Every structure is written in C-alpha cells, then in structure tokens.
Amino acid sequence: MLKGKDLLSIHDLSVAEVEEILSLAKELKAMQKAGVEHHLLAGKTLGMIFEKSSTRTRVSFETGMYQLGGQALFLSSRDLQLGRGEPIKDTARVLSRYLDGIMIRTFGHDRVEELAKWADIPVINALTDLLHPCQVLTDLLTIREHKGQNLKGLKMAYVGDGNNMTNSYLYGCAKVGMTFVAATPEDYRPDATVFENACKDAEETGAELSLVTDPQEAVKDADIVVTDTWASMGQEAEHEMRKKIFAPYQVNKELLKGADKRVIVMHCLPAYRGEEITEEVLEANADVIFDEAENRLHTQKAIMALTMGD
Ligand code: CP
Ligand code: NVA
C-alpha cells in the first residue's frame with residue numbers, strides 16, 4: 001500500500017497503513033534478533049539530508065539501510081549545494097536520478113513538502129519544526145511491547161511544550177484509537193490545524209484527544225506519560241526563558257502519583273535532566289526509554305522497506 005509513497009506525516013497514512021508499518025517493524029525486529037537475513041532493499045541507496053543535528057535518526061537510518069542490504073549517504077546541508085542556496089526543487093530532481101529514497105531533517109515543514117513535490121522517489125520526514133512522524137510510529141511500537149498489542153483506549157498524557165512531538169502524537173494516537181491529553185502552557189499549545197485534522201481522524205477510530213493546561217489533570221490515570229525538551233532545535237536562544245515558563249511542567253515523581261500504578265514514562269531523547277524530566281524518573285523508566293530509542297531502527301526499516309521496496 002505504501003510502495004512509492006512519501007512519509008511526511010502520520011495524518012497522510014490510512015489506519016491500515018499505520019498497522020502495516022507497526023506489524024512489519026515487529027517482524028523485522030524479530031528477524032534481526034534471530035539473525036535472519038532480511039535484505040529487502042538490496043542494491044538500493046537512501047540519501048539522508050540533515051539541516052539539524054541528530055544521533056538516533058542518523059545512526060538508525062544508516063544502520064537500517066545496511067541491515068536491509070542497501071546503503072545510506074549522509075548529506076549534511078553544510079556540504080551540499082543546498083546549503084549555499086541551490087533550490088530544493090533542483091536538489092530533488094538531481095537526487096532522484098541517483099537515489100531510491102530521500103530522508104530529510106529540516107526546519108520548516110514546507111521544505112519537506114517542496115522536496116517531496118519535486119522528487120520522484122519516496123521522501124521520508126525525519127523531523128521538521130512541525131512533525132516527527134518516525135519517532136511517534138516508533139513510540140506506538142514501543143507502547144505495544146510494554147502495554148500489549150491493543151492500543152485502543154490506552155491513555156497517553158503529554159506534559160510540556162506543544163511541539164513537533166506533540167503534533168505527531170495527536171496524529172498517531174488518532175490513527176490507533178488512543179486517548180491523548182496534552183498539558184501545555186496556554187501559549188505553547190500544539191498546532192491548531194494539526195489538532196483539528198487529528199480530531200477528524202479520531203472519528204474513524206474513536207480516539208479521544210484533548211488539550212489542557214494542568215499537568216495533574218492530564219496525567220490522571222494515564223497509562224503512558226511522555227515529555228520532550230522545552231527548547232527544540234532552532235529555539236536555543238529561548239532556552240533560559242522557556243525554563244521559567246515550563247517549570248510547572250516537569251515530569252517528576254510527584255506528578256506521576258496521579259497516573260495509573262503501572263504507568264510507563266517515555267522520552268524521544270535527547271533529554272534534559274532537571275528540566276522536562278528528573279534524573280530519577282528517567283532512570284526508573286530507562287528500560288522503556290532505551291527500547292524506544294532502539295525501536296527507531298526497526299520502525300524506520302519497516303518504513304523504508306514499504307516505501308522504497310519492490
Ligand atoms: N529522537 C531523535 O530524533 O533523536 P535525534 O535528534 O538524536 O535523531
Ligand atoms: N522537539 C525536539 C525533538 C528532538 C528529537 C526537537 O525538535 O528538537
């Protein structure tokens with residue numbers, strides 16, 4: 001179903017396509033653990049354009065391509081002519097002549113859309129200021145591993161800045177029928193259009209989505225509590241100011257008292273201990289959080305195999 005398609009946003013995927021990605025990710029993870037060869041992209045090349053920093057995304061996509069029998073090229077915008085002003089539409093058409101897929105991490109979401117418009121090979125969004133779909137699909141796989149296959153009805157509470165992760169959680173939870181509550185300061189809510197679109201998607205699955213300002217209200221009886229940095233890439237100059245604004249939104253032991261007894265805490269990493277999450281809470285949930293980091297590899301292998309494979 002996904003063959004030849006782009007993956008720019010979970011909103012663009014059907015409920016069945018989300019399931020297809022999660023199922024294949026699970027299967028590929030099992031194959032890799034069992035040492036079974038799975039060269040689904042033999043002879044294929046992925047270009048990875050990075051206009052922002054990365055540890056997990058870069059290493060998991062590059063290793064993933066290798067494990068699938070293909071290869072990946074790390075293309076920093078510092079080195080590409082793109083970084084010197086070559087238009088995206090020219091870059092897209094040139095790269096389409098050499099590669100089988102392009103992964104891009106950048107600032108404005110419009111840059112990814114422009115790349116996808118002009119490229120005639122699949123484009124995968126590896127984070128924009130608006131969305132981080134690969135991470136949220138990964139998180140859904142990780143929740144299944146820790147809470148069971150049936151995601152419907154599970155409650156996830158997000159506490160912190162309404163950013164690219166929050167926006168993608170709205171889209172992800174809507175597609176799988178989860179309850180999602182985001183607690184953010186009034187002026188730092190997730191994107192209004194994303195919320196509106198996600199609410200429409202939720203009609204199909206029965207997901208319940210809501211936005212509040214009180215962290216306690218959000219985490220009440222939550223099965224999963226999740227947070228992310230208070231200052232995303234590109235917002236470094238606001239970091240000190242944001243630390244003051246978001247101080248009441250820290251995920252700590254006290255806040256978690258209101259959650260379900262078996263609550264798991266997730267974080268896409270990198271984490272800023274003592275800011276959005278305490279050292280104590282992070283380390284107490286390290287098994288889940290590092291499974292989440294590992295699962296980037298398996299989920300992205302599934303995405304690449306489905307979009308770029310034969
Ligand atoms: N979570 C995540 O995307 O990590 P990186 O920024 O290290 O890629
Ligand atoms: N919201 C964070 C996510 C990092 C993976 C950022 O955009 O920097």
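Every chain begins its residue count from 1, and numbering advances along the sequence as written. To read the labels, note that chains go from A and ligands from 1, taken in the order they are written. A pLDDT threshold of at least 70 governs which residues receive local features in this predicted model, and a stricter bar of 80 or more applies before side-chain atom pairs are shown or counted, although totals over entire chains, interfaces and linings include all residues. Hydrogens and waters are ignored; side-chain quantities use all the structure's heavy atoms.

- Within an unreviewed UniProt entry, the label attached to the protein reads Ornithine carbamoyltransferase, and the organism entered is Selenomonas bovis.

Notes on the overall build of the protein
In step 1: Helical segments are the DSSP runs of H or I of at least four residues, strand segments are the runs of E of at least two, and each set is numbered from the N terminus. From N to C terminus, the protein includes twelve helices and nine strands.
In step 2: For 310 residues, the compact-globule estimate of 2.2 N^0.38 gives 19 Å, and the C-alpha radius of gyration of the protein, at 19 Å, lies within 12% of that figure.
In step 3: Counting only C-alpha atoms and orienting by the principal axes, one finds that the protein spans roughly 55 × 45 × 35 Å.
In step 4: Here the term buried applies to any residue with accessible area under 20% of the maximum for its type, exposed to any over 50%, and partly exposed to those in between, with areas from a 1.4 Å probe on protein chains only. Relative to its full complement of 310 residues, the protein shows a buried share of 59%.
In step 5: For the protein, contacts bridging at least 24 residues in sequence account for 76% of all contacts bridging at least 6.
In step 6: Per element, the accessible surface of the protein, about 13100 Å² overall, is 49% carbon and sulfur.
In step 7: Residues counted as positive are Lys and Arg, residues counted as negative are Asp and Glu, and His and the chain ends are not counted. The atoms used to mark charge sites are NZ of Lys, CZ of Arg, CG of Asp and CD of Glu. Across the protein, the mean location of the 35 positive side-chain charges is 2 Å away from that of the 49 negative side-chain charges. Both definitions apply: the radius of gyration is a C-alpha atom measure, and the globule rule equals 2.2 Å times residues to the power 0.38. Contact between two residues is taken to exist if any of their heavy atoms lie within 4.5 Å; hydrogens are not considered. Computed with the Shrake-Rupley method and a 1.4 Å probe, the accessible areas treat only the protein chains shown as cover for residues.

Side note on the site of ligand 1
In step 1: Around ligand 1 lies a shell formed by Ser54, Thr55, Arg56, Thr57, Arg105, His132, Gln135, Cys268, Leu269 and Arg296.
In step 2: Any pair of N or O atoms that falls within 3.5 Å is considered a polar contact. Within protein, one atom must be able to donate a hydrogen and the other to accept it, and sequence-neighbouring residues count only if both atoms are side-chain atoms. One of the side-chain nitrogen or oxygen atoms of Arg105 is found 2.8 Å away from an oxygen atom of ligand 1.
In step 3: Take Leu269: an N or O atom from its main chain is 2.9 Å from a nitrogen atom of ligand 1.
In step 4: For ligand 1, the accessible surface in isolation is 260 Å², of which the surrounding protein chains cover 95%.
In step 5: Residues are grouped as follows: Ala, Val, Leu, Ile, Met, Phe, Trp, Tyr, Cys and Pro are nonpolar; Asp, Glu, Lys and Arg are charged; all remaining types, including Gly, are polar. Within the shell around ligand 1, the residues separate by chemical class into two nonpolar, five polar and three charged. Whether a residue is near a molecule or strand is decided by its heavy atoms; if any one of them lies within 4 Å of it, the residue is near.

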